[in-house]
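Chain residues, written in single-letter form:
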Amino acid sequence: MDLRRAVDDLAETLVVPSFTRLGYDLRSKLFDWEPVEQMPMRGRVVAVTGPTSGLGQIAAMSFARMGAEVLLLARNAAKAERVRAQIVEGTGNAGVRVYRVDMSDLSSVRRVAEEIRASEPSLDVLINNAGSLLVRRAVSVDGHEMTLATMVLGPFVLTDGLIPLLRDGADGRIITVTSGGQYAQALDLDDLQSAAQPYVGSAVYARAKRAQVVLTRVWASMLRDTSVVAHAMHPGWADTPGIEASLPRFHTVLGPLLRTPEQGVDTLLWLAAAPEAARSTGRLWLDRRPRKFDRLARTRVSPVQARRLWNACEHLTGVSPTRQA
Ligand SMILES: NC(=O)c1ccc[n+]([C@@H]2O[C@H](COP(=O)([O-])OP(=O)(O)OC[C@H]3O[C@@H](n4cnc5c(N)ncnc54)[C@H](OP(=O)(O)O)[C@@H]3O)[C@@H](O)[C@H]2O)c1
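Residues numbered from 1 in each chain as written. Predicted model: local features only at pLDDT ≥ 70, side-chain atom pairs only at ≥ 80, totals over all residues. Heavy atoms only, no water.

**Here's the deal with the overall build of the chain**
Within the chain, the secondary structure is distributed over 12 helices and eight strands. At 18 Å, the chain has a C-alpha radius of gyration in line with the 20 Å of a compact globule built from 325 residues. With respect to the three principal axes, the spread of C-alpha positions in the chain is 50 × 50 × 40 Å. The 325 residues of the chain split such that 55% are buried. Put simply, 75% of the contacts in the chain that link residues at least 6 apart link residues at least 24 apart. (Helix = DSSP H or I, 4+ residues; strand = E, 2+ residues; numbered from the N terminus. Rg over C-alpha atoms; globule rule 2.2 N^0.38 Å. Buried < 20%, exposed > 50% of the residue type's maximum accessible area, 1.4 Å probe, protein only. Contact = heavy atoms within 4.5 Å.)

In structure tokens, the structure reads:
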């Protein structure tokens, strides 16, 4: 095996050297990465959920700098307008448009997908990024546990609604921002709403992140004969307002070892821009290389379990993407 890959794989086995900025620094030098912002995105249209903070905000700014048209899908219109103005001023790219959506509210997600289909002639990349880690159980307007609603059901409906536009182009990409935390938890298909046991926010979050990876693999296989690929990526551990607010001790302890948000989004931008990323589908990426789906045998998801998750999403959202495959 190539020595560089062996060194990278060793870092990956050890987690901390992989997920922190050490992993980013190591791999960017080891593989002599082309700076991602030099990759052209002119003429491409990218939709980003959660663009008003952290990784999504940095990614939206970078896409604009790379020449893409950027759709900001945000729940807070005032914040989104401020971000839009900053991006336009900072990049000189006026092709930045705001769409209002609360990803936890399924009718809001359905409506925004309809608006985008009606207003945008094309869409090349969908970034499912919005998310949060909650300390206490909360319920969405539709009655679903909030983490499940925001990070699983909302993206399920949005992706379904935007696939027709993505399929119209020659090189559509669906990229979902999961978390390395997904390695720690198995799916709990008997308690998707996290109601049957004491609520542990980090575990609920990790299960939703695992569900995102499983759904990505199902999208990928459903779309295998089309021009659309679906990938999941995780950013490692990056210093964002979200991490600081939801995991304050983790944020303090890891402090200087956390990645910058720019380092956290590098692979996200690369998956959207690099020709290599369109040559495969259904993978989980960190630092521009596909990684294992599981680190622990007990978390592995069988095809039957993946199908059960998919069916549950169809049942809970009322959308049935299988029909349009
Ligand atoms: N930072 C990390 O190290 C890390 C590691 C692993 C995975 N991730 C994942 O990366 C993604 C971005 O995280 P971040 O660290 O950048 O967090 P962040 O700074 O808190 O940003 C989260 C974004 O998601 C939006 N959002 C949350 N709930 C929403 C909803 N119901 N509807 C619409 N938008 C919603 C937020 O909007 P508002 O501005 O309106 O709150 C914000 O724009 C998340 O999926 C997170 O799980 C991050």
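**Observations concerning the nonpolar core**
Grouped together as the largest cluster of nonpolar side chains are 50 residues, with contacts concentrated most on Leu158, Trp219 and Leu309. Sorting the residues of this core by element identifies β1 (45–49), β2 (69–74), α6 (106–119), α7 (146–168), α8 (201–222), β6 (228–233) and α12 (303–317) as the ones contributing at least two each. By residue number, the principal contributor to this core is α7, which donates 11 residues. Not counting chain neighbours up to four residues away, the residues in contact with Leu309 comprise Leu187, Leu189, Leu192, Ala211, Val214 and Leu215. Grouped together as the second largest cluster of nonpolar side chains are 34 residues, Leu55, Ala59, Ala64 and Val70 included. (Core = buried A, V, L, I, M, F, W, Y, C linked by side-chain atoms within 4.5 Å.)

**A short note on a nonpolar patch on the surface**
There is a patch of nonpolar side chains on the surface, built from Val16, Leu22 and Leu257 and spanning about 220 Å² of accessible area. With respect to the secondary-structure elements, Leu22 resides in helix α3 (residues 21–30). Its relative accessible area of 42% is what places Leu22 among the partly exposed residues. (Patch = residues over 30% accessible without salt bridge, like charges linked within 9 Å, V, L, I, M, F, W, Y side chains within 5 Å. Areas by Shrake-Rupley, 256 points an atom, 1.4 Å probe, with all protein chains shown as cover. Salt bridge = Lys/Arg side-chain N within 4 Å of Asp/Glu carboxyl O.)

**Points about the domain arrangement of the chain**
It is common to report an interface's size as the accessible area lost on association of the parts. Taken domain by domain, the chain holds domain 1 (1–32) and domain 2 (38–324). Centre-to-centre separation of domain 1 and domain 2, based on C-alpha positions: 24 Å. Facing 17 residues of domain 1, the contacting portion of domain 2 comprises 18 residues. Roughly 1500 Å² is buried in total at the junction of domain 1 and domain 2, and carbon and sulfur atoms are behind 53% of that figure. Considering only the side of domain 1, the residues that lose the most area to domain 2 are Phe19, Arg21 and Tyr24, jointly responsible for 50% of the buried surface there. One can count five salt bridges joining domain 1 with domain 2. Along the contact surface separating domain 1 from domain 2 lie 11 residue pairs in polar contact (both at pLDDT 80 or more). Breaking the side of domain 1 that touches domain 2 down by element, the ones donating at least two residues are α1 (3–13), α2 (16–19) and α3. A class-by-class count of the residues in the side of domain 1 that touches domain 2 yields six nonpolar, four polar and seven charged. (Domains from an automatic or database assignment. Buried area = accessible area lost by both parts, 1.4 Å probe. Polar contact = N/O pair within 3.5 Å; in protein donor to acceptor, adjacent residues only side chain to side chain. Nonpolar A, V, L, I, M, F, W, Y, C, P; charged D, E, K, R; others polar.)

**Considerations on the pattern of salt bridges**
Under the criterion given, the structure shown has 21 salt bridges. A salt bridge links Arg289 to Asp8, with the nearest nitrogen and oxygen atoms 3.0 Å apart. Taken together, the residues span a long stretch of sequence, with Arg289 in strand β8 (residues 289–291) and Asp8 in helix α1 at a distance of 281 residues. Looking at Asp8, the relative accessible area reads 0%, which means it is buried. Put simply, Glu69 and Arg97 hold a salt bridge, and the shortest N to O gap is 2.6 Å. One end of the pair, Glu69, is in strand β2; the other, Arg97, is in strand β3 (residues 96–100), with 28 residues separating them in the sequence. Overall, the relative accessible area of 32% leaves Glu69 in the partly exposed class. Using a relative accessible area of 28% as the deciding quantity, one classes Arg97 as partly exposed. Sharing partners across several salt bridges, the network here consists of Asp8, Asp9, Glu12, Arg27, Arg259, Asp287, Arg289, Arg291 and Arg295.

**Some points on unusual backbone geometry**
Positive phi values are uncommon outside glycine, yet Asp32 reaches one of about 50°. For Asp32, the location among the structural elements is in the loop between α3 and β1. According to the relative accessible area criterion, Asp32 is exposed, its value standing at 65%. Of note, the phi angle at Asp287 is positive, near 50°, even though the residue is not glycine.

**Some points on the site of the ligand**
Neighbouring residues of the ligand: 29 residues in total, closest Ser53, Lys79, Asn129, Tyr205 and Thr240. Within the contact set of the ligand, an oxygen atom lies 2.6 Å away from a side-chain nitrogen or oxygen of Lys79. For the ligand, an oxygen atom lies 2.7 Å from a polar atom in the backbone of Asn129. Here the ligand, which alone exposes 890 Å², has 92% of that area covered by the protein. Listing elements by their share of the shell around the ligand, those giving two or more residues are α4 (54–65), α8 and α9 (241–246). When residues of the shell around the ligand are assigned to their parent elements, the largest contribution, three residues, is made by α9. (Near = heavy atom within 4 Å.)

**So, the packing of α7 against α8**
Running from N to C, α7 and α8 cross one another at 20°; their axes reach a closest spacing of 8 Å. When the axis of α7 is compared with that of α8, the two are roughly parallel. Two packed elements cross with a definite hand, and for α7 against α8 that hand is right-handed. Here Thr147, Met151, Val152, Phe156, Thr159, Asp160 and Ile163 of α7 lie close against α8, whose contacting residues are Val204, Tyr205, Ala208, Lys209, Ala211, Gln212, Leu215 and Trp219. The class makeup of the residues in the contact of α7 with α8 is 10 nonpolar, three polar and two charged. (Axes fitted to C-alpha atoms, helices over the stretch in contact; angles between N-to-C directions. Parallel < 35°, antiparallel > 145°, perpendicular 65-115°, else oblique. Left-handed = near helix turned anticlockwise from the far one by under 90°.)

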